[in-house]
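Examination of the molecular architecture
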Amino acid sequence: MSTSILIVDDGVHTRTAIRGMLTSAGFEVVGEADNGLAAVEDYKRLKPDVVLMDINMPILDGISATKEIIKFDPIARIIMLTSLDELSMVREILSAGAKDYVLKPYDPARLLAGIKKVLDVPAN
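Since we're looking at a predicted model, the values are computed, not measured.

1. Things to note about the sheet that holds strand β4 (residues 78-82)
- Pairing in this open sheet of five strands is parallel, and the strands run β2-β1-β3-β4-β5 from one edge to the other. Among the strands making up the open sheet, the edge pair consists of β2 (28-33) and β5 (100-103). Between one strand and the next, the sheet's axes are offset by a mean angle of 20 degrees, whatever the strand orientation.
- Pairing of strand β1 (residues 4-8) with strand β3 (residues 50-54), which is carried by four bridges, proceeds in the parallel orientation. Each residue of the ladder has a partner; that of Val8, found in β3, is Met53.
- Against the sheet, helix α1 (residues 12-24) engages β1, β2, β3 and β4, with an angle of about 170 degrees to β2.
- Packed onto the sheet, helix α5 (residues 108-119) meets β1, β3, β4 and β5 and runs at close to 180 degrees relative to β5.

Below you can see the structure in the form of structure tokens.
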């Protein structure tokens, strides 16, 4: 059984590129969302193994969406995608419940390593 992934990013080109990379690596992309509110709804409906979540999005940002998903499923595996490499932002991402973060523009090897890392985190 392959790992199911939900991609959340308001950029269609980014989602398409990530989808292609993940599919080539053998992952199953079960959904895509272009805002945080849709991400929360899709998570509840699809229950993916991993969520790749952009931080800056319309309607509901990635940190708020992460908090909502964690309320619904405390062991959700969320990786935040961000172009902000500030310590305060990293702390906020992790305190919201994300298990890892990857800087944009993302390095495909780093993104795949992040997915493998969060899949190894045991469920509580």
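2. Points about the pairing of β4
- In terms of residue burial, β4 counts as a mostly covered element, since five of its five residues are buried.
- The side-chain alternation of β4 yields two buried faces, one formed by Ile78, Met80 and Thr82 and the other by Ile79 and Leu81.
- Note: β3 against β4, four bridges, orientation parallel. Residue Asp54 lies in a different strand from β4, and its bridge partner there is Leu81.
- For the segment spanning β3, helix α3 (residues 62-72) and β4, crossover handedness is right-handed.

Analysis parameters
- Residues numbered from 1 in each chain as written.
- Predicted model: local features only at pLDDT ≥ 70, side-chain atom pairs only at ≥ 80, totals over all residues.
- Heavy atoms only, no water.
- Pairing = 2+ DSSP bridges.
- Helix = DSSP H or I, 4+ residues; strand = E, 2+ residues; numbered from the N terminus.
- Axes fitted to C-alpha atoms, helices over the stretch in contact; angles between N-to-C directions.
- Contact = heavy atoms within 4.5 Å.
- Buried < 20%, exposed > 50% of the residue type's maximum accessible area, 1.4 Å probe, protein only.
- Right-handed = clockwise from strand over helix to strand, strands pointing away.

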